[in-house]
Amino acid sequence: MQPQYQMGYDRAITVFSPDGRLYQVEYAREAVKRGTTAVGIKCSNGVVLIVDKRVSSRLLEPVSIEKIFKIDAHIGVASSGLVGDARSLVDRARVEAQINRVSFDEPIDVEVLAKKLCDHMQVYTQFGGARPYGTALLIAGISEDEARLFETDPSGTLLEYKATGIGTGRPAVMKVFEDEYREDLTTEDAVQLGLKALHAATEGKFDVNTVEIGIVSLEEKSFRKLERDEVKAFVDKYEQ
Amino acid sequence: MQPQYQMGYDRAITVFSPDGRLYQVEYAREAVKRGTTAVGIKCSNGVVLIVDKRVSSRLLEPVSIEKIFKIDAHIGVASSGLVGDARSLVDRARVEAQINRVSFDEPIDVEVLAKKLCDHMQVYTQFGGARPYGTALLIAGISEDEARLFETDPSGTLLEYKATGIGTGRPAVMKVFEDEYREDLTTEDAVQLGLKALHAATEGKFDVNTVEIGIVSLEEKSFRKLERDEVKAFVDKYEQ
Amino acid sequence: MQPQYQMGYDRAITVFSPDGRLYQVEYAREAVKRGTTAVGIKCSNGVVLIVDKRVSSRLLEPVSIEKIFKIDAHIGVASSGLVGDARSLVDRARVEAQINRVSFDEPIDVEVLAKKLCDHMQVYTQFGGARPYGTALLIAGISEDEARLFETDPSGTLLEYKATGIGTGRPAVMKVFEDEYREDLTTEDAVQLGLKALHAATEGKFDVNTVEIGIVSLEEKSFRKLERDEVKAFVDKYEQ
Amino acid sequence: MQPQYQMGYDRAITVFSPDGRLYQVEYAREAVKRGTTAVGIKCSNGVVLIVDKRVSSRLLEPVSIEKIFKIDAHIGVASSGLVGDARSLVDRARVEAQINRVSFDEPIDVEVLAKKLCDHMQVYTQFGGARPYGTALLIAGISEDEARLFETDPSGTLLEYKATGIGTGRPAVMKVFEDEYREDLTTEDAVQLGLKALHAATEGKFDVNTVEIGIVSLEEKSFRKLERDEVKAFVDKYEQ
Amino acid sequence: MQPQYQMGYDRAITVFSPDGRLYQVEYAREAVKRGTTAVGIKCSNGVVLIVDKRVSSRLLEPVSIEKIFKIDAHIGVASSGLVGDARSLVDRARVEAQINRVSFDEPIDVEVLAKKLCDHMQVYTQFGGARPYGTALLIAGISEDEARLFETDPSGTLLEYKATGIGTGRPAVMKVFEDEYREDLTTEDAVQLGLKALHAATEGKFDVNTVEIGIVSLEEKSFRKLERDEVKAFVDKYEQ
Amino acid sequence: MQPQYQMGYDRAITVFSPDGRLYQVEYAREAVKRGTTAVGIKCSNGVVLIVDKRVSSRLLEPVSIEKIFKIDAHIGVASSGLVGDARSLVDRARVEAQINRVSFDEPIDVEVLAKKLCDHMQVYTQFGGARPYGTALLIAGISEDEARLFETDPSGTLLEYKATGIGTGRPAVMKVFEDEYREDLTTEDAVQLGLKALHAATEGKFDVNTVEIGIVSLEEKSFRKLERDEVKAFVDKYEQ
Amino acid sequence: MQPQYQMGYDRAITVFSPDGRLYQVEYAREAVKRGTTAVGIKCSNGVVLIVDKRVSSRLLEPVSIEKIFKIDAHIGVASSGLVGDARSLVDRARVEAQINRVSFDEPIDVEVLAKKLCDHMQVYTQFGGARPYGTALLIAGISEDEARLFETDPSGTLLEYKATGIGTGRPAVMKVFEDEYREDLTTEDAVQLGLKALHAATEGKFDVNTVEIGIVSLEEKSFRKLERDEVKAFVDKYEQ
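Residues numbered from 1 in each chain as written. Chains lettered and ligands numbered in written order. Predicted model: local features only at pLDDT ≥ 70, side-chain atom pairs only at ≥ 80, totals over all residues. Heavy atoms only, no water.

- You'll find chain A entered in an unreviewed UniProt entry as Proteasome subunit alpha, with Methanoculleus taiwanensis given as the organism.
- Under the heading Function (unreviewed entry), UniProt records this for chain A: "Component of the proteasome core, a large protease complex with broad specificity involved in protein degradation."
- Under the UniProt heading Subcellular location (unreviewed entry), the entry covering chain A gives this text: "Cytoplasm". (UniProt positions renumbered as here; feature names shortened; annotations may be inferred.)

Here it is in structure tokens:
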């Protein structure tokens, strides 16, 4: 990519380059690539989200680095990229979920929610006056007795995956999943596979303080973030 | 095209170049040319839409790559180009269709709907503050007992075709159609012709997972997307 | 015209160049010059509009390339230039005509309508936030028992002609008209003269599929687009 | 004037150059200098406006090239410069005149109207978002039993003249008037002097079709545009 | 001042240069320096305003070049710089004066009016979307039995002078006043001193047609513009 | 500071430079540094404000150069920098003081007023569409039986001083104060110290006409500007 | 970092660079790095905030340099960076706290308040028309019987720390804390540790006048700023 060639296109928001690309969106994707690694894995009885929080100092309260968010009883989200942007999208997701409960007296469908978020993100790629979101999300939840796992990116594209990763470690994560993912994994298997992928992505630099795990359970039809001791049990088991 | 010569015109949205072209619109067309290939074929008893979804990983749920959309009972759309933009246009199309049912108690005319979408797209080529849509659509439907097939592009131009293609494989597709299209094709023939065209466009890289088919049926006066086993039957037959 | 000299003026919308020209308007005129050719001819009993639709593929439905539009019972319009822009102006013209019927219970005067369209187009040459229209129109109609033929362009200039042409073939068309136009032509003569002009403009590349004809009839005080067989009759006669 | 020196100032609307000039206004004046020539002459019993319409083709209806406009019973205007801009100003003048009649039940004072138009034009030289008007006007009328003749330009400057000209032929016209104008001219004398001035400005290229004449009559306290045969009589007389 | 050094600052309205100057305001002052010369002189029994109208053609009605304006019974204003801008400020001043009469049932204080105008002008130096006014004003009037003489400039600065000048001849005028002004001048003396200053500023090119005089009289507590014969008497006397 | 290095940052309002500075604010401070010198000195029984008015011509009425303003009975302000900007801030301060009296029936607290002005000035450093204020203020007043002296600058920073100076002479003034200021000064001492500081700042070029003095008196709980003879007495005493 | 390479990205607000960074946000962080040093330390019975006020002149009233602000009875904030920006955020925080009391009749949760401030700051990094805040905050308070200490920065990121520092001395401060911080510190220990950190950051240049201390007490469930003699006692003790 020749820097001088781009100089006309990347300054103005929401403008096409001669080859039909939206540079601002591609640069926002770079912000995601610089983000912490998050993985999502569908399994036989739910979905697993695991995030590496990349805690850099013992003075930091790891619990304050929130990368997995509960959106509603049955939906959780993992984020990578700009932290403030993620929080803004999470707030929006929670509001959409509550509106659905108030309007229709039932939980929002995961796919409907994911599309609403993507539509919102697309608007920031087409209209002036604001930049695209510098964040990708993994959206996991229960929809009509089925576990679902969606991935969004700054362009507002929405894709459903069996297993996927976002953030700086995505290439390493996807390699592990392409090789080892199977649809009949139990939740426990999926957590171990996710930790293996994170291990590959972080060159082994993670421990109970830096790992955050969220699980969508088909049986309980709910999402919850694991407690520290539950995480510890999984990490200990992995390290054996 | 000399890059330094254009530099004044393509940055500002909705500005003419000295030779009377709207570069932003032409660049948006490039986004379409980079998109997946979609074909539409009118036949004696309806219209066929076929799309190559270009599934790149076994971890992706092919069903989540939606390129054919049902707009109303009698109208379907295939898209190519920016995914988020397509979803935005599809949402608009569905709303227009519902407004028509509510206001006039009858299904919207396909051509009326297509014009409304094109008018909307034209606005984004004339006014500042937003970029043109980076998407082309094939709009298929029933209108007064006739099958119709329209194609739009980022400029808001509307054309009706007997058979056409959009996206990266358009040149290959059009060559097949110019040579082999006949108006008396049955739906089955049309699907086979469409698969042949897609085969040419993708250098043979498609299978039941990557192909999506939608059919407008004159008899049933309706549009529906085929189920996976129906698609499989067509693809198997083609491969023989 | 030196490209580097212009570079400051053509980027900003609605700005004068040092020699008092509005480059954006002149560039919009280039868009018209790249458009298909349309001719209009006043004759003893009405006005004739003829357009070459430049159909490039046998797969295209020629009927979908609409270049002549009925605005009201007594007014028709032929366009050249950007297709989406033309449709936007046509929609506006139809609304103005209906408003007049509703407000005053009578058909709108052709000249009044033409001025309203030109005023609208002028606004886009003076105010920021949008580009000028890239379209010229021939507006034909009946006004107080008289046939009228107006031509507009992107600057919002309005002129009345006895016979005129717009689009890529304008120079060739005007040469034919300067030499052969007479005010006592019948409608039939006028159609033949128009076809001759189009023939000159298109180097003979037209047939029944690519020609669209609209006629304003003084007797019937109405405008109508000819049916395919009527067009065929005229084209056949011309070719003899 | 060095082109590269100006490059910073003429792009942004309503910005001063280092020497205290508003380039956009000066460039708008160039648009007027490229316009058709119009003259105004006060005489003992009224004001005469004469315009050369510069008809370029026998196919054009000269009557459609309107350069002299009746604003109210007692006021007429001649324009030079951008045609669409002139029409916009004329519309505004007519509305102002009608508002005055409705509000005060009397005809608007010519000077009041002229100032209102100039105030309007000045706004376009000070505020962003629009360009200045590319038009000059000669405003002739009756005000308290006196004939008045005003000239405006794109800056919103207002001057009253005994005799003046605008447009491409202004230098030639002013030379004739400086030499030959007398205040005791009759209307007929004034028309002949105006035709002589136009003759000088157009190198003799005018005839009954290209000349438009409007006369403010002190006796009748009214403005009217001459009919074709009246114009013919004056032109014939001049040519003798 | 190096032109290339400034190029970044003078384009954007209301922006400081590195040395803390507002170039657009300084350039607007250049517009004033290019304007006609106006002088104001306080004397023992009032204030005198004199303007050189710089009439360039015998065809121009000198009376239409208005450079001295009556604002209210007790206030007059002389202007230099952009004519349209001056008229806009004069209109505003008149409205402010009338509002004061309506609201408080008394004439507006001269200083209050001058400050209101300056506040208005300052806004145009701080906010975007419009350029500063290219006009300076001399504001003369009666305030609590005292004669006052204020000068404003495009920055909205307000200063009170005993005698001052604006426009192209200011340096010549100020030299005459510095040398010869005395506070005990009668009105007649003041007019003669003002004519002498104008004479110096215009190199003697003025006569009764080009000079406009306004006088604030302490006794009559009023402002009035002199009639042509009064001006003539003063000019004749001066020329002796 | 390299001029070419800055060129990207100082043009756009409210933008950070790579080293975290707001150039527009720093340039506005330059406008203050070019302003006249003002000093403020807290003393045992109040606060003294003294300003050098820098009167450049004997024709100017020194009283019209107002640099010290009474805001309310107990608050006075001295300004340096752009005159129009200062007047705008003074107007705002007066309105705030009146609002406080109307709302709470008591005089506004000096610190509260100073913060309100600073908040207002900060907004102009963060939002687009306007430039920062080019003015610094010394705000002196009584607050709960205590004398206060605040200094603001274009960034909206607020600091309280025992003695300080703004404008072109600030370095010279501060040097005098650092050396000689004592908290037990009487008002008279403070005026003499202030005059000494001004003398240093202006190289001795001041006299009774160019000096303006305002005094906040703790006993009288009020602010007033000294009359000319009072100023004369102080200046005479200083000059001895 | 190559200055010429950045030139396209840092001018426009809220635009991504090719490597996915928001330069304006990074430059705003530079403004924080140039700010005074502030530290926050959680201890066994509360939180301690200490700020170095960097008083540069004996004429300045140190008390007017406010860097620690009480937000509500149970929350205090320390700031570094642009002073005006900090005051704007503090005002906002106080309003949010009061709204919570009025709406829910209870004190606002510290984390909720911190998130609201961060959401507000994030908006200034995504939307045009304003720059990001050039300020970092340490937010200390009581939340459900727990002491909390949050740090924000211009991007709107929110982190909770055991001990942290902002401003120019952050690297020196963090080194002290990494080495010596223990969770079982008493408030007194924490103040001494904070002074040690400040001492390292300021190379020992602080005394009772330049140090400001605020303490959140778990027992009293309240925040208060220490009086001067309390600060003196701590500083004296430290210096021993």
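## A look at the packing of aromatic side chains
Item 1. Applying the stated criterion across every chain yields a total of 21 aromatic pairs over all chains.
Item 2. Judged by centre distance (5.8 Å) and plane angle (70°), the ring pair of F127 of chain E and Y124 of chain F falls under edge-to-face. Of this pair, F127 of chain E sits in the loop between helix 4 (110–126) and strand 5 (135–143) while Y124 of chain F sits in helix 4 (residues 110–126), placing the two residues on different chains.
Item 3. Judged by its relative accessible area of 30%, F127 of chain E falls in the partly exposed class.
Item 4. Residue classification places Y124 of chain F among the buried positions, given a relative accessible area of 13%.
Item 5. Taken together, the aromatic side chains of Y124 and Y133 of chain A together with F127 of chain G make up a single cluster linked through ring pairs. (Phe/Tyr/Trp six-rings, centres within 6.5 Å; stacked < 30°, edge-to-face > 60°. Helix = DSSP H or I, 4+ residues; strand = E, 2+ residues; numbered from the N terminus. Buried < 20%, exposed > 50% of the residue type's maximum accessible area, 1.4 Å probe, protein only.)

## Section: the sheet that holds strand 5 (residues 135–143) of chain B
Residue and element names in this part refer to chain B.
Item 1. If you walk across this open sheet you meet the five strands as 3-4-5-6-7, and the pairing is antiparallel. With partners counted over all chains shown, the strands left at the sheet margins are strand 3 (68–72) and strand 7 (158–160), one partner each. Across the sheet, the mean angle separating the axes of adjacent strands is 25° when strand polarity is ignored.
Item 2. Inspection of the sheet shows strand 5 paired to strand 6 (residues 146–152) by seven bridges, in the antiparallel sense. Pairing of L138 across the sheet is with E151, part of strand 6. (Pairing = 2+ DSSP bridges. Axes fitted to C-alpha atoms, helices over the stretch in contact; angles between N-to-C directions.)

## Some thoughts on the interface of chain F and chain G
For an interface, size is often stated in terms of accessible area lost upon the parts coming together.
Item 1. Of the residues lining the interface, 38 residues belong to chain F; the matching set on chain G comes to 34 residues.
Item 2. Regarding the contact of chain F and chain G, the summed buried area is about 3,000 Å², with carbon and sulfur atoms giving 51% of it.
Item 3. Remark: the boundary between chain F and chain G carries five salt bridges.
Item 4. One salt bridge in this structure joins E66 of chain G and K115 of chain F, with 3.6 Å as the shortest N-O distance.
Item 5. Our enumeration of links across chain F and chain G arrives at 16 residue pairs in polar contact (both at pLDDT 80 or more).
Item 6. Of all elements in the fold, only helix 4, strand 7 (158–160) and helix 5 (170–180) of chain F reach the threshold of two or more residues within the side of chain F that touches chain G.
Item 7. It is helix 4 of chain F that contributes the most residues to the side of chain F that touches chain G, six residues altogether.
Item 8. Residues of the side of chain F that touches chain G, tallied by class, amount to 16 nonpolar, eleven polar and eleven charged. (Contact = heavy atoms within 4.5 Å. Buried area = accessible area lost by both parts, 1.4 Å probe. Salt bridge = Lys/Arg side-chain N within 4 Å of Asp/Glu carboxyl O. Polar contact = N/O pair within 3.5 Å; in protein donor to acceptor, adjacent residues only side chain to side chain. Nonpolar A, V, L, I, M, F, W, Y, C, P; charged D, E, K, R; others polar.)

## A few points about the pairing of strand 8 (residues 163–166) of chain B
Residues and elements named next belong to chain B.
Item 1. Across the two faces of strand 8 the burial is the same, with A163 and G165 and T164 and I166 all buried.
Item 2. Looking at chain direction, strand 1 (residues 38–43) and strand 8 are connected through four bridges and run antiparallel. Counted as the bridge partner of G40 is T164 from strand 8.

## Comments concerning the packing of helix 6 (residues 187–201) of chain A against helix 7 (residues 228–239) of chain A
Residue and element names in this part refer to chain A.
Item 1. At a closest axis distance of 10 Å, the pairing of helix 6 and helix 7 adopts a crossing angle of 65°. By the angle class used here, helix 6 and helix 7 are roughly perpendicular. Along this stretch, helix 6 crosses helix 7, giving a crossing that reads as right-handed. In contact with E188, V191, Q192, L195, K196 and H199 of helix 6, helix 7 contributes F234, V235, K237 and Y238.
Item 2. Residues that form the contact of helix 6 with helix 7 fall into these classes: five nonpolar, two polar and three charged. (Parallel < 35°, antiparallel > 145°, perpendicular 65-115°, else oblique. Left-handed = near helix turned anticlockwise from the far one by under 90°.)

## Regarding the interface of chain E and chain F
Item 1. Between chain E and chain F, the residue contacts involve 37 residues of the former and 33 residues of the latter.
Item 2. Surface buried jointly by chain E and chain F totals about 2,900 Å² across both partners, of which 51% is contributed by carbon and sulfur atoms.
Item 3. Linking chain E with chain F are 16 residue pairs in polar contact (both at pLDDT 80 or more), by the criterion used here.
Item 4. Contributions of two or more residues to the side of chain E that touches chain F are made by helix 4, strand 7 (158–160) and helix 5 (170–180) of chain E.
Item 5. Here the element with the most residues in the side of chain E that touches chain F is helix 4 of chain E; it accounts for six residues.
Item 6. Taken together, the residues of the side of chain E that touches chain F sort by class into 16 nonpolar, ten polar and eleven charged.

## Topic: the environment of E203 of chain A
Item 1. Positionally, E203 of chain A belongs in the loop between helix 6 and strand 9 (211–217).
Item 2. Distance in space between the C-alpha atoms of E203 of chain A and K232 of chain A is 19 Å, their sequence separation being 29 residues.

## Comments concerning the environment of S79 of chain C
Residues and elements named next belong to chain C.
Item 1. Inspection of the secondary structure puts S79 in strand 4 (residues 75–81).
Item 2. A relative accessible area of 4% means that S79 is categorised as buried.
Item 3. Each C-alpha atom of the pair S79 and E151 lies 9.8 Å from the other, and the pair is 72 residues apart in sequence.
Item 4. Residues within four places of S79 in sequence aside, it is in contact with T36, A38, K67, F69, A86, T135, A136, L137 and I166.

## Details of the relation of the copies chain E and chain F
Item 1. Note on the copies: chain E fits chain F at an RMSD of 0.0 Å, the axial shift is 0.1 Å, and the rotation between them is 52°.
Item 2. When the interface residues of chain E are mapped onto chain F, a mere 3% of them are again interface residues, pointing to distinct binding faces. (Least-squares fit on C-alpha atoms with pLDDT ≥ 70 in both.)

## Observations regarding the packing of helix 5 (residues 170–180) of chain B against helix 6 (residues 187–201) of chain B
All names here are of chain B.
Item 1. Direction vectors running N to C along helix 5 and helix 6 enclose 140°, while the axes themselves pass 8 Å from each other. The angle between the axes of helix 5 and helix 6 places the two elements in the oblique class. Helix 6 is crossed by helix 5, and the crossing has right-handed handedness. Between helix 5 and helix 6, the residues in contact are A172, V173, V176, F177 and E180 and L193, G194, K196, A197, A200 and A201, respectively.
Item 2. Looking at side-chain class alone, the contact of helix 5 with helix 6 contains eight nonpolar, one polar and two charged residues.

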